[in-house]
Amino acid sequence: MAAQTPRADLISSHEPIQILDIHVNKDEEAILLSRGFIVRRGQLVYTASSTSSSTQSKPSTRLSSSPPPLSILSSSSSDLISVPVLVKSFQRSSPSDEQIQRMRYEYMVMQRLGVGTFLSMHTTHDLGLVIAIPEVQGSSLARFIYSGSAPHHHLARTSSSSHYSSHINTHPPLIHLDLEQIILCAMTLAEHLHLHHVNGIINKSLSPSNILYNQDANRCQFLDYSQASMLEREHININMMTSNMSRSVSDVDGTCLDQWAYVAPEQTGRMNRTVDLRTDLYAVGCILYNMLVGQPPFPPTASTHGESTTDIILKIVHSHLSKVPVDPFTMLSNSAFDIPSSHRAGLYVLSSIIMKSLSKIAEDRHQSASGLLKDLGQCLHLLKSAASKFGNTNSS
């Protein structure tokens, strides 16, 4: 019997299921290529168990962006049900032991977060070990930022695989499209991150390329937990930093290199500081900076003489440790782009919030994602008030 598509309004979250298959459309563009893993959209096919379950799951804090569990349409155990999922698998057919361990660790982290009923890990015939993740429909946040409306920082390999070149496309920044949408996106990132932190998870690898964002529903989903920590605090030493650098140098698609643009100073291993939840807030600050300006505060760029990947990473690390980027408000004010009068106050406040998140010392940042969320809410209120004021002035 062909697999049916269940209705989302018939919920039976505790009904036991038997997963029969997980498959992907390999012709579709990958959502994420990073650290030896690939994420693509796919389908999970299952059938209802013939026996009922009397055991109720223990309630847990669920991520607000998690899609609701779907139900069984038919009481017959032979009926097949198909649900859309994200499928995370290895890029290579023969993964290393380290990659397999990281895959199992990611699954354990997502279990702790409670990302959805259909979260599962299985070994498939064609893909090997995979994780099926309930999907928030959308595209990568990088695509939202670089959708032709913001300056686009490109990182491209030259003919030598160990060298990079970069250039900037100067399109009008997102500020001219919808500053309110940027703030709303920032708020959903902060809310999502807050729910991670209350579950004891520090992500440590946030970047636009590994965040799925649904602009219409204003919902997001994190796709990479390979570096996540379930410790309240963690000390990063120079050896761990060197290991991460080596992995970036051997990275075949360049995404690991790009992620160094979102690493907090305490993650570099060159400060006598521990990593905690405020580390993720620095990454969010880098992401929001990127959304306004079109590139992160310290993007991976090569000199005209050409530099090795290690040289580029060391330059980024040095910048995170010692340099203060120009704030977005000043940068946009000094650019050739006009800032609408109704946006200036909101942009100034948002710029200040971003610069606070980019503080070198964690104590100078917001102390929690909920604190960041509160400030963003006030910024949104200010923007709407200004828009209403200028709208009334123009109409009179």
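Residues numbered from 1 in each chain as written. Predicted model: local features only at pLDDT ≥ 70, side-chain atom pairs only at ≥ 80, totals over all residues. Heavy atoms only, no water.

*Asks:* Account for the nonpolar core, naming residues and giving values.
*Replies:* Leu 141 and Leu 350 are the most contacted members of the largest nonpolar core, which totals 70 residues. For this core, the element with the most residues is helix α6 (residues 277-293), which contributes 11 residues. Counting residues in hydrophobic clusters, the runner-up holds 12 residues, among them Val 87, Leu 127, Val 130 and Ala 132. (Core = buried A, V, L, I, M, F, W, Y, C linked by side-chain atoms within 4.5 Å. Buried < 20%, exposed > 50% of the residue type's maximum accessible area, 1.4 Å probe, protein only. Helix = DSSP H or I, 4+ residues; strand = E, 2+ residues; numbered from the N terminus.)

*Asks:* Describe in detail the pattern of salt bridges, supporting the description with residues and values.
*Replies:* Applying the stated criterion to the full structure yields 7 salt bridges. The partner of Lys 88 in a salt bridge is Glu 106, with the nearest N and O atoms 2.8 Å apart. With Lys 88 in strand β4 (residues 80-90) and Glu 106 in helix α1 (residues 97-113), this residue pair connects regions lying 18 residues apart in the sequence. In this structure, Lys 88 and Glu 106 share a single accessibility class: buried. In this structure, Arg 278 and Glu 363 form a salt bridge, with 3.8 Å as the shortest nitrogen-oxygen distance. (Salt bridge = Lys/Arg side-chain N within 4 Å of Asp/Glu carboxyl O.)

*Asks:* So what about the packing of aromatic side chains? Which residues, and what values?
*Replies:* The full count for this structure, using the stated rule, is 3 aromatic pairs. Centre to centre, the rings of Phe 329 and Tyr 348 are 5.3 Å apart; their planes meet at 90°, and the pair counts as edge-to-face. Here Tyr 348 lies in helix α9 (residues 341-357) and Phe 329 lies in helix α8 (residues 328-333), a separation of 19 residues in the sequence. Look at Phe 329 and you get buried, because its relative accessible area is 16%. The cationic tip of Lys 88 hangs over the ring face of Phe 37; the distance from NZ or CZ to the ring centre is 5.2 Å. (Phe/Tyr/Trp six-rings, centres within 6.5 Å; stacked < 30°, edge-to-face > 60°. Lys NZ or Arg CZ within 6 Å of the ring centre and 35° of its normal.)

*Asks:* I'd like a rundown of the side chain of Thr 188, residues and numbers included.
*Replies:* As for its placement among the helices and strands, Thr 188 is situated in helix α3 (residues 175-198). Taking the relative accessible area as the measure of exposure, Thr 188 reaches 8% and is therefore buried. Not counting chain neighbours up to four residues away, the residues in contact with Thr 188 comprise Tyr 213, Asn 218, Arg 219 and Cys 220. (Contact = heavy atoms within 4.5 Å.)

*Asks:* Describe the sheet that holds strand β11 (residues 219-222), naming the residues involved and giving the relevant values.
*Replies:* Sheet architecture is open: 3 strands sit in the order β7-β10-β11, paired in antiparallel fashion. Of all the strands in the sheet, just β7 (139-140) and β11 have a single pairing partner and so form its edges. (Pairing = 2+ DSSP bridges.)

*Asks:* Give a detailed account of the pairing of strand β5 (residues 120-124), specifying residues and quantitative values.
*Replies:* Pairing between β5 and strand β6 (residues 128-134): 5 bridges, direction antiparallel. Counterpart to His 122 in the pairing with β6 is Val 130. Hairpin remark: β5 followed by β6, antiparallel, with 3 residues in the connecting loop.

*Asks:* Describe the environment of Gly 114, and please don't skip the residues or the numbers.
*Replies:* Note on placement: Gly 114 falls in the loop between α1 and β5. Gly 114 sits in the buried class, given a relative accessible area of 9%. Linking Gly 114 and Asn 199, residues 85 residues apart in sequence, is a C-alpha distance of 9.4 Å.

*Asks:* Tell me what's going on with the pairing of strand β10 (residues 211-214), and back it up with residues and numbers.
*Replies:* Each regular strand carries side chains that alternate between the two faces of the sheet. Every second residue of β10 is oriented toward a common face, with Ile 211 and Tyr 213 on one face and Leu 212 and Asn 214 on the other, all of them buried. As defined by bridge partners, β7 adjoins β10 across 2 bridges and the pair is classed as antiparallel. Within β10, the residue paired with Ser 139 across the bridge is Tyr 213. One ladder, built from 4 bridges, connects β10 with β11; its direction is antiparallel. Its bridge partner being in β11, Leu 212 is matched across the sheet by Gln 221. Hairpin geometry of β10 and β11 is characterised by an intervening segment of 4 residues between the two adjacent antiparallel strands and by a positive phi of about 55° at Asn 218.

*Asks:* How would you summarise the packing of α6 against α9 if you had to cite specific residues and measurements?
*Replies:* Interhelical geometry of α6 versus α9 gives an angle of 145° and a closest axis separation of 8 Å. For the pair α6 and α9, the crossing hand works out as left-handed. Contact with α6, carried on its side by Leu 281, Tyr 282, Gly 285, Leu 288, Tyr 289 and Leu 292, involves Leu 347, Leu 350, Ile 354 and Ser 357 of α9 and no other residues of that element. A per-class count over the contact of α6 with α9 returns 8 nonpolar, 2 polar and no charged. (Axes fitted to C-alpha atoms, helices over the stretch in contact; angles between N-to-C directions. Left-handed = near helix turned anticlockwise from the far one by under 90°. Nonpolar A, V, L, I, M, F, W, Y, C, P; charged D, E, K, R; others polar.)

*Asks:* Residue-level account of the side chain of His 366, with values.
*Replies:* Among the secondary structure elements, His 366 is positioned in the loop between α9 and α10 (369-395). The exposure class assigned to His 366 is buried, which follows from its relative accessible area of 5%. Among the polar contacts made by the side chain of His 366, one reaches the side chain of Asp 375 at a distance of 2.8 Å. When neighbours within four sequence positions are excluded, His 366 is seen to be in contact with Arg 278, Leu 281, Ile 353, Lys 356, Ser 357, Gly 371, Leu 372 and Asp 375. (Polar contact = N/O pair within 3.5 Å; in protein donor to acceptor, adjacent residues only side chain to side chain.)

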